[in-house]
Every structure is written in C-alpha cells, then in structure tokens.
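Notes for the structure review
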Amino acid sequence: MPHNVYDTLQSLQIQLPEVATPAAAYVPFVHTGKLVLLSGHIAKRDGKPWVGQLGLTMTTDEGKAAARAVAIDLLGTLHAACVAAGTDLNGVKRIVKVLSLVNSTNTFTEHHLVTNGCSELLGQVFGPQVGAHARSAFGVAQLPFGVCVEIELMAELA
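Now for a quick tour of the structure. Keep in mind that this is a model prediction, so the values were computed, not measured.

Cut-offs applied
Residues numbered from 1 in each chain as written. Predicted model: local features only at pLDDT ≥ 70, side-chain atom pairs only at ≥ 80, totals over all residues. Heavy atoms only, no water. Pairing = 2+ DSSP bridges. Helix = DSSP H or I, 4+ residues; strand = E, 2+ residues; numbered from the N terminus. Axes fitted to C-alpha atoms, helices over the stretch in contact; angles between N-to-C directions. Parallel < 35°, antiparallel > 145°, perpendicular 65-115°, else oblique. Left-handed = near helix turned anticlockwise from the far one by under 90°. Contact = heavy atoms within 4.5 Å. Salt bridge = Lys/Arg side-chain N within 4 Å of Asp/Glu carboxyl O. Buried < 20%, exposed > 50% of the residue type's maximum accessible area, 1.4 Å probe, protein only. Expected span 1.5 Å × (residues − 1).

Before going further, it helps to examine the pairing of strand E7 (residues 149-157). Relative to E7, strand E2 (residues 35-42) is paired through six bridges, and the arrangement is antiparallel. Residue Ile42 lies in a different strand from E7, and its bridge partner there is Glu150. Relative to E7, strand E5 (residues 92-103) runs antiparallel, the two being bridged by nine bridges. Looking at E7, one finds that Val102 is bridged to Val149.

Turning our attention to the packing of helix H2 (residues 60-84) against helix H3 (residues 111-131). Running from N to C, H2 and H3 point in directions that differ by 40°, and their axes come no closer than 6 Å. It follows from the interaxial angle that H2 and H3 lie oblique. Between H2 and H3 lies a crossing of right-handed hand. Each of Thr60, Gly63, Lys64, Ala67, Arg68, Ala71, Ile72, Leu74, Leu75 and Leu78 in H2 lies in contact with H3, whose residues at this interface are Leu113, Val114, Thr115, Asn116, Gly117, Cys118, Glu120, Leu121, Leu122, Val125 and Phe126.

For the coordinates displayed, the defined rule picks out two salt bridges. One salt bridge connects Lys64 with Glu120, and the closest N-O pair in it is separated by 3.1 Å. Taken as a pair, Lys64 in helix H2 and Glu120 in helix H3 lie far apart in primary sequence, 56 residues in all. A relative accessible area of 27% means that Lys64 is categorised as partly exposed. Its relative accessible area of 41% is what places Glu120 among the partly exposed residues.

Right, let's get into the sheet that holds strand E6 (residues 134-140). Hydrogen bonds between backbone atoms are what pair the strands of a sheet, whose relative direction is either parallel or antiparallel. As summarised here, the arrangement of the five strands in space is E1-E2-E7-E5-E6, forming an open sheet in which the pairing is mixed. The strands lining the two open edges of the sheet, one partner per strand, are strand E1 (29-32) and E6. Going from strand to strand, the sheet's axes swing by 15° on average, the running direction of each strand aside. Across four bridges, E1 lies against E2 in antiparallel orientation. In the strand pairing of E2, His31 is matched with Val36. Contacting E5, E6 and E7, H3 crosses the sheet at an angle of about 170° to E5.

Bringing unusual backbone geometry into the picture now. The backbone of Asp46 sits at a positive phi, close to 55°, despite the residue not being glycine. By the secondary structure assignment, Asp46 is in the loop between strand E3 (44-45) and strand E4 (48-49).

Helical periodicity: at 3.6 residues per turn, an α-helix aligns residues three or four positions apart in one direction. Along its 25 residues, H2 runs 36 Å from first to last C-alpha, staying within 8% of the 36 Å computed at 1.5 Å per residue. Count one or two residues on from H2 and you reach Gly86, which has phi positive near 85°.

Don't take any of this as a statement about function, it's just geometry.
Here it is in structure tokens:
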C-alpha cells in the first residue's frame, strides 16, 4: 500500500494550518516547472511569534521544538501549493532543500541541531525517500519580530 502523507499526519496528531498572510511584499509560495519554493516561515507558539535567541534566552531543545513548529506551518503552505497545482501532499516527489535561519548569539554553534526539528518531521511525514533533503542552517544576529527560527523550503512535485 502506498504511503499516505495525510494518514501519517493524522497518526502524528498534526492538523495542517491555513496559509499565513504575508507580513511584507512577497507571496507564500511560487511554482516554477515542477518545483515549489516556499517563502520563509517564522516560528510561532500559540499563534504568536516565538521570540527568543539561541544561546541567550533559549536552549537547543527549545529551538528544535520551534523548528518543528515551523515545519508544520510549512506543511500547511506546501499543501496549499500542491492544491493550487492540482494535487496534494501525496504528489510531492521530493523535499529538495531546507534553509534555516537561527537567531543566535555569536557563540552558539548548534544551528544544525535546532534545524533537525524541521528535518526530522519532514522525514517522518514523507518517509526517507521523499523527505530526505539538502539543507543549510545559518546563525543570524536577528530575525523578523525577534523570532528564534525562520525556515524556507523547496519541493519537487510529481
């Protein structure tokens, strides 16, 4: 039986959120050929910006939880992008790339571990063949609204 992304989401007790309204002059996603590029999504907790700085006010584990929360928002936007293309999340051929920005002090060095919160969830949801992806994780001095993590994603549709 083929893998069903929505069954996996249900088993993980994840409900996909609606696409957030952009906070500036951009769109949530762009299609080009078979690729879907998702704009950066900021970490939110209880619907509000998840403010914090890794290495100062947040631990690596808290950052990882924030990155997982971002992944759920990304999945909601990816679902909308898939629907706009005439398919759904089961039509994702590959998560191609994740780019993560971690608001951190200049001595914090665990950006890659924070970003695992997103990467691990994508692997769980899509399975290893589709969910494994290329990735970059950067430490930055600040992010919009003072949030702790911002992540963007690129996917290929079948």
